[in-house]
Amino acid sequence: MVKRLWASGTFLLLLPIAGRLAAQQTTPWQDPSPHAIQFVTVDDNVKLEVLDWGGSGRPLVLLSGLGNTAHVFDEFAPKLTSDYHVYGITRRGFGASSVPFTGYSADRLGDDVLAILDALKLDRPVLVGHSIAGEELSSIGTHHSKRVAGLIYLDAAYWYAFYDRSSHWCRNSCKRACRNLRRI
């Protein structure tokens, strides 16, 4: 009986608070970061969100980790604009980018990045990838190393970041990726 009264009392105490919270008007999220947004077509019926924070110098392209969008860099990216022209890409399947049923292999995701580099006419940018974006970095570094000036892995050096399906052996792919990076 005491438990029932306590639970009822707690409910009655929280009811006015819940009512006030529900009555408050929620303000829609406003992006505070100083960037332009565009959508780039990378495949049939697939458009990716690209953020452009501006800046001067070599292009720097930020690739977010799994579950994030390019907006994860909203506070960080403006700090780089004094030395780089900074872009961010939201990969397919996330945020405002298209969500196709297929096209999520490392090589396809790498091709998406290359399509954006082509569309924006970016010459040998530095690519910065966080977490699972190491897949895209390694695909580009292995197959298209001459297209980039450098690859920066942020907590992205997992086994998949160096795996090349054609070699079936992680070590061989890692050695090849290291050789390619030394050429840059």
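See the structure printed just above.
**Observations regarding the pairing of strand β2 (residues 46-55)**
Turning to step 1, where the next piece is worked out: Where burial is concerned, most of β2 is hidden: eight out of the ten residues are buried.
Turning to step 2, where the next piece is worked out: Where strand β1 (residues 36-43) and β2 come together, seven bridges link them in antiparallel fashion. Following the sheet pairing, Gln38 is matched in β2 by Val50.
Turning to step 3, where the next piece is worked out: Between β1 and β2, which pair antiparallel one after the other, the connecting turn spans two residues, and Asn45 there sits at a positive phi close to 60°.
Turning to step 4, where the next piece is worked out: With six bridges connecting them, β2 and strand β4 (residues 85-90) associate as antiparallel partners. Across the sheet, the residue bridging to Val50 is Ile89, located in β4.

**Quick look at the pattern of salt bridges**
Turning to step 1, where the next piece is worked out: What the rule picks out here adds up to six salt bridges.
Turning to step 2, where the next piece is worked out: Note that Asp43 and Arg108 form a salt bridge whose closest N and O atoms lie 3.7 Å from each other. Here Asp43, found in strand β1, pairs with Arg108, found in helix α2 (residues 106-120); they are 65 residues apart in sequence, far enough to count as distant.
Turning to step 3, where the next piece is worked out: Judged by its relative accessible area of 30%, Asp43 is partly exposed.
Turning to step 4, where the next piece is worked out: The closest approach of N and O atoms between Arg91 and Glu136, which form a salt bridge, is 3.0 Å.

Cut-off values and rules
- Residues numbered from 1 in each chain as written.
- Predicted model: local features only at pLDDT ≥ 70, side-chain atom pairs only at ≥ 80, totals over all residues.
- Heavy atoms only, no water.
- Buried < 20%, exposed > 50% of the residue type's maximum accessible area, 1.4 Å probe, protein only.
- Helix = DSSP H or I, 4+ residues; strand = E, 2+ residues; numbered from the N terminus.
- Pairing = 2+ DSSP bridges.
- Salt bridge = Lys/Arg side-chain N within 4 Å of Asp/Glu carboxyl O.

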